[in-house]
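Spelled out from the first residue to the last, the chains are:
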Amino acid sequence: MAKKSDTQAPASSMRRGKTGRVFVWIILVLLIAGLAGFGAGGLGGSIASIGKVGETEISVQDFQRALQQELSFETRRRGAPVSIQQARAEGLDQRVLERLAGVAALSEETKMAKLSVGDAEVANQLRAVPAFQGPDGQFNRDSYEFALRQNGTRPGEFEDELRLTAARNILQQSVTGGLTVDETYASTIYGFLGERRSFRWAIVDAAMLDGETPAPTDAQLQSFYETNGSQFETPEVRKVTYAWITPEMIIDKIEVDEAQLRELYDARAEQYIQPERRLVERLGFADAEAAAAAKTQIDAGEITFDQLVTDRGLTLQDVDQGEVSRDDLTAEVADAVFALTEPGVTDPVNTSLGPVLYRVNALLEATTVTFEDARSELTGEFTADRARRDIGDQITEFDDLLVGGASIEELGTETDMQSGSLDFTADVSDGIAGYDEFRNEVAQLTTSDFPEIRELSDGGAFAVRLDEIVAPALPPLADIRADVVAAWTADQTAQRLAALGTELQEKVAAGTRMASLDLAAKAETDLGRTDFIEEAPIGMLATVFDLEENGVAFVQGPQGRAALVELTNISAPDTTTERAQALLAQLNSAASEGLAADVFELFGQAVQSQHGLTLDQTAVNAVLTQFGGGHGGI
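Residues numbered from 1 in each chain as written. Predicted model: local features only at pLDDT ≥ 70, side-chain atom pairs only at ≥ 80, totals over all residues. Heavy atoms only, no water.

(A) Representation of the packing of helix α9 (residues 218-227) against helix α20 (residues 481-509) within the structure. Running from N to C, α9 and α20 point in directions that differ by 90°, and their axes come no closer than 10 Å. It follows that α9 is roughly perpendicular to α20 by the angle criterion. Each of D218, Q220, L221, F224 and Y225 in α9 lies in contact with α20, whose residues at this interface are R481, V484, V485, A487, W488 and D491. Looking at side-chain class alone, the contact of α9 with α20 contains seven nonpolar, one polar and three charged residues. (Axes fitted to C-alpha atoms, helices over the stretch in contact; angles between N-to-C directions. Helix = DSSP H or I, 4+ residues; strand = E, 2+ residues; numbered from the N terminus. Parallel < 35°, antiparallel > 145°, perpendicular 65-115°, else oblique. Contact = heavy atoms within 4.5 Å. Nonpolar A, V, L, I, M, F, W, Y, C, P; charged D, E, K, R; others polar.)

(B) Expanded view of the sheet that holds strand β12 (residues 418-424). Read from one edge of the open sheet, four strands run β12-β4-β14-β13, paired in antiparallel fashion. If you trace the sheet from one side to the other, it starts and ends with β12 and β13 (454-455), each paired once. With nine bridges connecting them, strand β4 (residues 237-245) and strand β14 (residues 461-470) associate as antiparallel partners. Paired with Y242 across the bridge in β14 is V464. In the packing of helix α19 (residues 436-444) onto the sheet, the strands contacted are β4, β12, β13 and β14, and the crossing angle to β14 comes to about 40°. (Pairing = 2+ DSSP bridges.)

(C) Up close: the confidence of the model for the chain. Summarising the model, the chain shows a mean pLDDT of 84, and 91% of its residues fall at 70 or more. Within the model, pLDDT remains below 50 along residues 1-45, and this stretch shows 102 contacts once partners closer than five positions in the same chain are excluded. This model gives residues 629-634 a pLDDT under 50, and the stretch forms 24 contacts once residues within four places in sequence are excluded. (pLDDT = per-residue confidence, 0-100.)

(D) Spotlight on the pairing of strand β16 (residues 552-556). With four of five residues buried, β16 is to be regarded as a mostly interior element. With five bridges joining them, β16 and strand β17 (residues 562-571) adopt antiparallel strand pairing. The residue bridging V552 from the neighbouring strand is E566, located in β17. (Buried < 20%, exposed > 50% of the residue type's maximum accessible area, 1.4 Å probe, protein only.)

(E) Seen up close, the sheet that holds strand β1 (residues 49-53). Taken together, three strands build an open sheet; the order of strands is β2-β1-β18 and the sheet is antiparallel. Either end of the sheet is taken by a strand with one partner, and the two such strands are β2 (56-59) and β18 (613-615). Across the sheet, the mean angle separating the axes of adjacent strands is 20° when strand polarity is ignored. Where β1 lies against β18, three bridges are found, and the strand directions are antiparallel. Within the sheet, the bridge partner assigned to V53 lies in β18 and is L613. Lying on the sheet, helix α2 (residues 60-78) is in contact with β1 and β2; it crosses β2 at an angle near 50°.

(F) The pattern of salt bridges, seen in detail. Summed over all chains, the structure comprises 35 salt bridges. Note that K239 is salt-bridged to D423, the shortest N-O span being 3.1 Å. Pair noted here: K239 is in strand β4 and D423 is in strand β12, with a separation of 184 residues, a long-range link. In the salt-bridge network here, residues are joined through shared partners; they are E70, E74, R77, R78, E90, R95 and R99. (Salt bridge = Lys/Arg side-chain N within 4 Å of Asp/Glu carboxyl O.)

(G) A look at the packing of helix α7 (residues 155-176) against helix α22 (residues 578-611). Two elements in contact, α7 and α22, have axes whose closest approach is 10 Å; the angle formed by their N-to-C orientations is 110°. With respect to α22, the element α7 is oriented roughly perpendicular. Along this stretch, α7 crosses α22, giving a crossing that reads as right-handed. Residues R168, L171, Q172, V175 and T176 of α7 lie in contact with α22, whose contacting residues are A596, V599, F600 and F603. Counted by class, the contact of α7 with α22 contains six nonpolar, two polar and one charged residues. (Left-handed = near helix turned anticlockwise from the far one by under 90°.)

This is the structure we're talking about:
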């Protein structure tokens, strides 16, 4: 293993508290997951780092991997692909840079403090990673080196990073160790959230009022119109002129190159041509006798494959091999696995890792999608990608035209962009107004701003000029009379309903039962703060939890919904149960970890400020260009 000459802290210091261990594993998992993003090739070796904090560099590979992780995470979270253009518009690249800068700052502080851990601790961390274990659940050097080799990382580099991560954890422990919240925190939160209340309630509506609300006089309407004029004002209108271009606008102009379509098909051969495959799991044994005995027990129904895995202290995830084809396996293993004509367990197979049982969970037939069958899909992807690239190539041209004095209208006549005008309000969402990038730009423009080219999330681009701002205005009463009458009537009805509700509240508080007031009361028992009551006015349950015992309240919500409520019982949560004690412990633990995380974040910000952050914007842009988003800075 790679060795360090720094002063080493005892390995036992790595085990002080759950928070520290969680911190190490989060970083370790991210580190391993990040290996799948890019190899070590970077930008052809021409640029090594994108910046540094103090003397600790932020490598190009780290930025590439972290950015790929962020895009992959957002794609999974949203259920739709997230482009680099969209990521940059939302500031995701900035978030990645801030995170990397924070890690670099802590690494710099760790080096300055000469903190490190010994080889024994690094070995312990490696042995605990499932990806580096063999079929027997133990650390396997071949599996370890294979996993790193597949992603272009050398063991020494990985171990150095692991050592530095562990050292950062020591630093974290020295800053946040012992930070805990008072136990009353959890009991207070649990008492608040766990409290239950019982009450009676009844709807109070306009049907209970004496007669209809009379029509307003002209004087009443005029007064209401003048007093509440703001609710009848027209919205602010921003009159803009814009030019825009999207891949969809020029996609019909893209010439489809047959040879390139063939290349794209060949590059995706694994997607279109699938050999016969099996879904398999692999369980290793110490010797052939043990493997044979296990297979005999399985065949006799005395034990299941799942039980064998559990008895070994493993999970099904640990033994899962995913989809495999014959080419993925050695000849002997392939013969055993593909000999099964239905799901089941193979006879013991000798491998380089020892005797193994394979369980086949599913048989997947070979499939082939011909080039002709895939042509439509390939053409769509090819033309869309080429259109985005063509727009990217033209952005500089658009910029130059604007800088040279071209107007928005001229962009629409001299380039592939289309120009138009729009009376923009918050309610407009058609066409270009449906893009968040456009809406945000228009919202902050002033009439003195010079138009600039901005990118759209789908690979398009636009420029917009604010021509005029039409301020909100109150139309003449004659033009909106019907709306004002409706608003006045609703307001008067609400006032009459409030007066009735107050009268009913006073009677119930004095001891009159709701039934005696012709109110159809409903009883609710032991409801919590987050429960839902159908047909109840908004805010009624919150009001119930604000009442003192036996309290009465009238609740009036929107859309004319109102209700009278009478609290009948307050039930405090039982904190003596095993479940309650577990929740209290969890609340205290989570709060303590949150406090430690906040303190450590502030510490990291202070460290970064002390050592200083230097970014190479050229290198950052070079990485973004690889992702297809190299215009502009961060």
